[in-house]
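Letter by letter, the chains look like this.
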Amino acid sequence: MLACKDIHELATDYQEHALPWGKRLQFRLHLLLCDACRALLAQLERTRTLLGRLGGGELTKAEEDEILSVLRGPAPRP
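Okay, so let's go over this structure. All of these numbers come straight from a predicted model, not from anything done at the bench. (Residues numbered from 1 in each chain as written. Predicted model: local features only at pLDDT ≥ 70, side-chain atom pairs only at ≥ 80, totals over all residues. Heavy atoms only, no water.)

Within the protein, the regular secondary structure consists of 4 helices and 0 strands. In the protein, the order of α-helices and β-strands from amino to carboxyl end is α-α-α-α. Across the 78 residues in the protein, those meeting the buried criterion constitute 23%. Across the protein, every contact between residues at least 6 apart in sequence was considered, and the portion connecting residues at least 24 apart equals 56%. Within the structure as shown, the protein displays about 5,900 Å² of accessible surface, and the carbon and sulfur contribution to it stands at 56%. (Helix = DSSP H or I, 4+ residues; strand = E, 2+ residues; numbered from the N terminus. Buried < 20%, exposed > 50% of the residue type's maximum accessible area, 1.4 Å probe, protein only. Contact = heavy atoms within 4.5 Å. Areas by Shrake-Rupley, 256 points an atom, 1.4 Å probe, with all protein chains shown as cover.)

Written as structure tokens, this is what we have:
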């Protein structure tokens, strides 16, 4: 079974449907059992939705760095 660290590393691939079916199944099983990783995934999905609303323009490097620094803040503890 995947660990929380694995979920953090694979979250983007999961959201983009880029995981092989076996890994995707393991990912979903972990989410069923882990509140912290479900919260992380929900936060990432919400962030993607909000970023998609920013007017359709490309973000500057500074804006991208600012968003990433917020997202990389303290991760939820399992």
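Glancing now at the nonpolar core. Residues Tyr14, Phe27, Leu31, Cys37 and Leu41 are the most contacted members of the largest nonpolar core, which totals 13 residues. In terms of residues, this core owes the most to one element, helix 1 (residues 4–15), which gives 5 residues. (Core = buried A, V, L, I, M, F, W, Y, C linked by side-chain atoms within 4.5 Å.)

Turning to its location among the elements, Arg24 is positioned in helix 2 (residues 21–33). We note that Arg24 is buried and unpaired, the nearest opposite charge coming from Glu45 at a distance of 7.9 Å. Discounting residues that sit within four places of it in the chain, Arg24 has contacts with Tyr14, His17 and Leu19. (Lys, Arg positive; Asp, Glu negative; His and termini not counted. Salt bridge = Lys/Arg side-chain N within 4 Å of Asp/Glu carboxyl O.)

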